[in-house]
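# Tertiary structure, described
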Amino acid sequence: MKEEENIIVGISIGDLNGIGGEIVLKTFEDPRFLDFCTPVIFASAKVMTFFKSHFKSQINFNIINNIGQLVHNKVNVLNCWNEPVKIEFGKEDIKIGNFAIKSLEAATKALKENEIHVLVTAPINKHNIQSEDFKFPGHTDYLAQQLEGESLMFMITDTLRVGLLTDHVPVKDVATHITPELIEQKISTVYNSLKKDFKIERPKIAVLGINPHTGDNGVIGSEDDDILRPTLKKIKETGKLVYGPYAADSFFGSNNYKNFDAIIASYHDQGLIPFKTLSFGQGVNYTAGLNKVRTSPDHGTAYEIAGKGVADENSFKEAVFSGISIYRNRMSYEQLTANPLKKAPRKGYR
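Now for a description of the structure that goes with this document. Starting afresh in each chain, residues are numbered from 1 along the sequence in its written order. Given that the model is predicted, a residue must reach a pLDDT of at least 70 before its local features are reported, and side-chain atom pairs must reach 80 or more before they are shown or counted; all residues, however, enter totals for whole chains, interfaces and linings. As a convention, hydrogens and water are excluded, and side-chain values are obtained from all of the structure's heavy atoms.

## Section: the side chain of Asn-329
Stated precisely, the cut-off is as follows: Counting from the N terminus, the helices are DSSP H or I runs at least four residues long and the strands are E runs at least two residues long. Here a polar contact is recorded for every N or O atom pair within 3.5 Å, except that within protein the pair must consist of a potential hydrogen donor and a potential acceptor, and residues adjacent in sequence are included only if both atoms are side-chain atoms. Contacts: residue pairs with any heavy atoms within 4.5 Å of one another.
Structurally, Asn-329 can be placed in helix α10 (residues 314-338). One polar contact links the side chain of Asn-329 to the main-chain carbonyl oxygen of Asp-197, over a distance of 2.8 Å. Among all residues touching Asn-329, those that are not within four sequence positions of it are Lys-196, Asp-197, Phe-198 and Lys-199.

Take a look at the structure:
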């Protein structure tokens, strides 16, 4: 691959007391990654040098202060702060949360300004990042505000894709959040993502019910009959291959999920419990629907094993692979749709 074709992958370092630093190092210790992407870690030289020493990594960093100093075929570290950081693995710390946000904000700025092509976020602690200036439940909500489009949490592997109608919403409030407008928006986002980001020409989508047994004809709630079914019928009439609602309790165990390109769950645990059961350690959290590409591993900070050198980097590796693949697919789709072939007039006709 030519240097100018090398995709620049920005990495926000996440919670420094968690496993983020370790899985980032383990990922890019494989030199083959540098053949098709140029990583830029948004952190500080001091922090990454500490991680390198602690985990006995052989990586040689290229330390930079701006993207203009980036070097291809190197693991770049962009200094986002200069002050010293006290890292205590496994400890929840507000000060560490502040550094996680500095990294995320700098990486997001670079993404918005097209200085990086893809953003991969290492895990954060949703509690210690909260402040007067940062009041978001997590990455997805922050990026939804910073970037253009309608965001959707899309959990993906090579063979399974699960989207959510509602994500970080208390269970008691789920039903009130699900409206015809929300259903149409989320299905549209999944449908467009499958076409643009995954090269699926005619996506086939399943939707899981809101209530147990999809309400049992109103015995266990009326939302499926009153809201979900009529909306899905309306969407299907537009030509989209959308099916459901399906009872969630048997949908995955029966392997019915294998018949669809994507599944849309009504709420967080309904979708993520089966997804992580089937693919934990290989799954990727992709924020679909935005004008930029962001992925992350499917796990958290894992304080209980932080600093021990035993963290599994495979989900983070998959996040990097997926981000690059989605970016390429999206660029290909945009080129094809921006330059449609014009039909030449037949000879002898006007």
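Text resumes after the structure shown.
## Some details on the side chain of Asp-93
Selection criterion: Three labels apply to residues, based on accessible area from a 1.4 Å probe with only protein chains included: buried if under 20% of the type maximum, exposed if over 50%, partly exposed otherwise in between. All tallies of charge rest on Lys and Arg as positive and Asp and Glu as negative; His and the ends of each chain are not included. Definition used for salt bridges: Asp or Glu carboxyl oxygen within 4 Å of a side-chain nitrogen of Lys or Arg.
Secondary-structure assignment places Asp-93 in the loop between β4 (75-79) and α3 (94-112). Buried charge without a partner: Asp-93 forms no salt bridge, and the closest opposite charge is Lys-91, 4.9 Å away. Engagement of the side chain of Asp-93 in a polar contact is seen with the backbone nitrogen of Lys-95, the distance being 2.8 Å. The residues contacting Asp-93, other than those within four sequence positions of it, are Asn-17 and Asn-128.

## Considering the nonpolar core
What counts is decided by this rule: Within this scheme, the nonpolar core is defined by two criteria: the residues are buried Ala, Val, Leu, Ile, Met, Phe, Trp, Tyr or Cys, and they are joined through side-chain atoms within 4.5 Å.
Ranked by internal contacts, the top residues of the largest apolar core, which has 69 residues, are Leu-16, Phe-28, Ile-41, Met-48, Phe-154, Ile-183 and Phe-316. Not counting residues up to four positions away in its chain, the partners in contact with Phe-316 are Ile-11, Ile-23, Val-24, Thr-27, Phe-28, Val-120, Ala-122 and Pro-297.

## Digging into the environment of Asn-291
Mapped onto the secondary structure, Asn-291 falls in the loop between β11 (284-290) and β12 (293-297). Residue classification places Asn-291 among the partly exposed positions, given a relative accessible area of 34%. Residues Asn-291 and Leu-78, spaced 213 residues apart in sequence, show a C-alpha to C-alpha distance of 24 Å. Dropping the residues within four chain positions of it, Asn-291 is found in contact with Leu-147, Glu-148 and Arg-330.

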